[in-house]
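These are the residues of each chain, in order.
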Amino acid sequence: MNYRMSKKGKLLIEILPDKCDFCGCCVGVCPEDAIELKEVAIEIIDDRCTNCSKCVWACPIDVIKFNKEGVLKSPATSYI
Amino acid sequence: MQKNDYDLIIVGAGPAGTTAARFAAEQGVSVLVLEKDRDVGYPVRCGEAIRRRGIEEFIEPDDKWICAYIDKFSMIAPNGVKSTIEYIEKALILERRIFDYELAKLASKAGAEIITRCYVNGLLLDNGKVTGVKYVQAGEEKTATAKIVIAADGVESRVGRWAGLETHTHIKNMESCVQVTASTPGIELDTCRFYFGKDIAPEGYLWIFPKGKDISNIGLGVSATMGKTTSALTYLNRFMENNFPNSSITSIVSGGVPCVTTLKKMTAPGIMLVGDAAHQVNPLSGGGITSGMVGGKLAGTIAGKSIKQNKPDLIYSYESEWHERMGKRHETYDRIKDGFYKFSDETFNNLAEMYNKLPYEKRTIGRLFTTALINKPSLLLDVAKVFIM
Ligand SMILES: Cc1cc2nc3c(=O)[nH]c(=O)nc-3n(C[C@H](O)[C@H](O)[C@H](O)COP(=O)(O)OP(=O)(O)OC[C@H]3O[C@@H](n4cnc5c(N)ncnc54)[C@H](O)[C@@H]3O)c2cc1C
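Residues numbered from 1 in each chain as written. Chains lettered and ligands numbered in written order. Predicted model: local features only at pLDDT ≥ 70, side-chain atom pairs only at ≥ 80, totals over all residues. Heavy atoms only, no water.

## Overview of the overall build of chain B
Helix and strand counts for chain B come out as 10 helices and 16 strands. On C-alpha atoms alone, chain B measures out to a radius of gyration of 21 Å, which is about the 21 Å that the 2.2 N^0.38 rule sets for 389 residues. Dimensions of chain B along its principal axes, counting C-alpha atoms only, are 65 × 45 × 40 Å. In chain B, which comprises 389 residues, the proportion classed as buried is 58%. Considering only contacts within chain B whose residues lie at least 6 apart along the sequence, 68% involve residues at least 24 apart. In the structure as shown, chain B presents an accessible area of about 16,500 Å², 51% of it carried by carbon and sulfur atoms. Of the side chains in chain B, 48 bear a positive and 45 a negative charge, and the two mean positions are spaced by 2 Å. (Helix = DSSP H or I, 4+ residues; strand = E, 2+ residues; numbered from the N terminus. Rg over C-alpha atoms; globule rule 2.2 N^0.38 Å. Buried < 20%, exposed > 50% of the residue type's maximum accessible area, 1.4 Å probe, protein only. Contact = heavy atoms within 4.5 Å. Areas by Shrake-Rupley, 256 points an atom, 1.4 Å probe, with all protein chains shown as cover. Lys, Arg positive; Asp, Glu negative; His and termini not counted. Charge placed at Lys NZ, Arg CZ, Asp CG, Glu CD.)

Encoded structure:
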C-alpha cells in the first residue's frame, strides 16, 4: 500500500479539507510547525508531523482524525 | 509596478497588524501589509465584544461598526441562577467586518500599502537576521525585503517560528471555540451573558453577545485538552438544542484563542510579534482585539523609530514596554484564570447565590471576583491588584 510517511513512520493524522473551516486552531497548537494553512486550503507537512494528535484534540469542529491504519497517498487529498 | 523593498513589512491585516502599520506609517517610513485572505475583516472569527474605554485610544466610536451598547453583564451559574452586574465602564458589540476594514483604512490613510491574497510562506534571513519575506501572490512566488518584519499573523502564526522563536500554544492554554450567529428572540440588547459549568463549557465559558434586536453571537470556548473526548461543536450543539431549539442560524465559525501569558520573547533580530501571534490576548476573558491593538501600536511606533534613527536594537525595548503596559496585568489574569477554571459547578452555584444576596448597588465585577475567591484565598491579593488599584 502507498501510505504517506510522517517523521515517525506512517502518517496517522488526517484533515478532512472539505469539512474544514480554516480557522488555524490546529496550526496554533502544532509543536512541529507541520500544518500549512492558506485561505481555503490546509495540509499536513508529512515529514514534520510526529502523529502527536494535539491538532486532533484542538479542532473545534472535529474535522481532524486520528487514522490508525495510516493515511493513503492520494492526489485527491492534495489541496496545496 | 509593485515595489519589493520596504522599511517595514507586516504579515497579517487583523487589528494588530493594521494598527502596527498605521503607527509606523505615521512616522513616514514605508510600510507593506500582506494578507492571505481575499478581504480584510472577513471571515469574522470573533464574539465582537470590547470595552469602550479600551478602543477610544485608537478610533472614535462610530455607529457604523457598533451593533450594540452594553451596560450589564449576566453570569449564569450551572444551576441556571442568574446574577446581573451593572457595567459602568460600558462595552460595545462590534460589526468586525466593518471595524477591521476601518482600521485598515486608517493605516492606508497614514501611507501603508495593504495587499490581500498574498500568502507569506517563508522569511529571508541573513546571518540569522530577518531581512524580508517570501510570499505567493496569484500563484507566483515573490520576495520583498525590509529593515523590520512584524508578524501579526494571528493564532495560526508560523512566521515567528521561522525566525527561531518558540510560539506555539500549549494545548492546555488553547481555547477551542465555535460560534453561531443566530436568532435569539427575547434576549436583552444591553446585556452580555456568560454561562459557566462543566456540562456547558468546561475550562472556559459560553457567551451570548447581542448583535441587534433578536440576533446574537452565541459561542463557547473549552480548553483544547477537552477535545480528547468532546469537541467544542458538540458542546455548542447541545446548548442550542436545550436553549434555542428553533433558532435560525445565519453563520457558524470556529477558532482558537491562546489564553496564556504573553510570549517572553516577542523579538529576534529584524522581527517583532504582535497580537495573537505573540499571545497578547487577555487570558481570563479571551479578549484579544484591543490588547492586540495595544501591542500593534507599541511595536509599530518602536519599529518606525528604530528605522528612522537607524538603530536596529531599539526593537528590543518593545518587550519591556509591553510588559509594563499589559504583560504584567495578563500575568495576574492568568493566575485568576487558573483558579477560576478549576471551580466546581457547586462553587459556581454557591457563588451566584452569595452574590445575589448583596445589595444591588454593591454588585460589581470586583465584588463578584472577591466573593468567588473566598474559596481560594491565595488569589485574593492578585484580584485586589486588578480591581482595586
Ligand atoms: C470564537 C472567537 C471569539 C472571540 N471573541 C472575542 C471578543 O468578543 N472580544 C475580543 O476582544 N476578542 C475576541 N476573540 C479574540 C480576537 O478575535 C483575536 O484576539 C484578534 O482577532 C487578534 O487579532 P490579530 O490581529 O492578532 O489576529 P487576526 O485578527 O487573527 O489576524 C491575523 C491575520 O493574519 C493573516 N495571516 C495569517 N497567516 C498569514 C500568512 N502566512 N500570510 C499572510 N497573512 C496571514 C490572517 O488571514 C488574518 O487576517 C475571539 C476569538 C475567537 C476565535
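Having seen it, we continue.
## A word on the overall build of chain A
Regarding its fold elements, chain A presents two helices and six strands. Its helices and strands taken in sequence order, chain A reads β-β-β-α-β-β-α-β from the N to the C terminus. Radius of gyration (C-alpha) of chain A: 11 Å, near the 12 Å computed for a compact globule of 80 residues. Its C-alpha atoms give chain A principal-axis dimensions of roughly 30 × 25 × 20 Å. A buried classification covers 54% of the 80 residues belonging to chain A. Long-range pairs, those at least 24 residues apart, make up 68% of the contacts in chain A between residues at least 6 apart in sequence. Within the structure as shown, chain A displays about 3,900 Å² of accessible surface, and the carbon and sulfur contribution to it stands at 53%. Here chain A holds 11 positive side-chain charges and 12 negative ones, and the gap between their average locations is 7 Å.

## Things to note about the packing of aromatic side chains
The full count for this structure, using the stated rule, is 15 aromatic pairs over all chains. Measuring from centroid to centroid gives 6.0 Å for tyrosine 205 of chain B and tryptophan 207 of chain B, while their planes differ by 65 degrees, and the two rings are edge-to-face. Like tyrosine 205 of chain B, the residue tryptophan 207 of chain B is buried in the burial classification. Centre to centre, the rings of phenylalanine 340 of chain B and phenylalanine 343 of chain B are 5.3 Å apart; their planes meet at 50 degrees, and the pair counts as tilted. Considered together, phenylalanine 340 of chain B and phenylalanine 343 of chain B belong to a single accessibility category, that of buried residues. Aromatic ring contacts, followed pair by pair, group Phe73, Tyr87, Phe194, Phe196, Tyr205, Trp207, Phe209, Phe340, Phe343 and Phe348 of chain B into a single cluster. Cation over ring: lysine 10 of chain A sits above tyrosine 3 of chain A, and NZ or CZ is 4.2 Å from the ring centre. In this structure, lysine 3 of chain B packs its charged tip against the face of tyrosine 6 of chain B, placed 4.4 Å from the ring centre. (Phe/Tyr/Trp six-rings, centres within 6.5 Å; stacked < 30°, edge-to-face > 60°. Lys NZ or Arg CZ within 6 Å of the ring centre and 35° of its normal.)

## Focus on the pairing of strand S12 (residues 205–212) of chain B
Residues and elements named next belong to chain B. Counting buried residues along S12, eight of its eight residues qualify, which places the element largely inside the surrounding structure. For strand S11 (residues 191–195) and S12, the ladder comprises three bridges, and the chain directions are antiparallel. Bridge pairing links tyrosine 195 to leucine 206 in S12. By the bridge criterion, seven bridges tie S12 to strand S13 (residues 215–223) in an arrangement that is antiparallel. Bridging across to S13, tryptophan 207 finds its partner in glycine 219. Between the end of S12 and the start of S13, which pair antiparallel, lie two residues, with aspartate 214 showing a positive phi angle near 65 degrees. (Pairing = 2+ DSSP bridges.)

## Structural notes on the packing of helix H1 (residues 15–25) of chain B against helix H3 (residues 96–109) of chain B
Residues and elements named next belong to chain B. Two elements in contact, H1 and H3, have axes separated by 8 Å at closest approach and are oriented at 20 degrees. In terms of orientation, H1 lies roughly parallel with respect to H3. Crossing geometry of H1 relative to H3 is assigned as left-handed. Note on element contacts: H3 touches H1 through Arg96, Asp100, Leu103, Ala104, Leu106 and Ala107, opposite Pro15, Thr18, Thr19, Ala21 and Arg22. Partitioning the contact of H1 with H3 into residue classes produces six nonpolar, two polar and three charged. (Axes fitted to C-alpha atoms, helices over the stretch in contact; angles between N-to-C directions. Parallel < 35°, antiparallel > 145°, perpendicular 65-115°, else oblique. Left-handed = near helix turned anticlockwise from the far one by under 90°. Nonpolar A, V, L, I, M, F, W, Y, C, P; charged D, E, K, R; others polar.)

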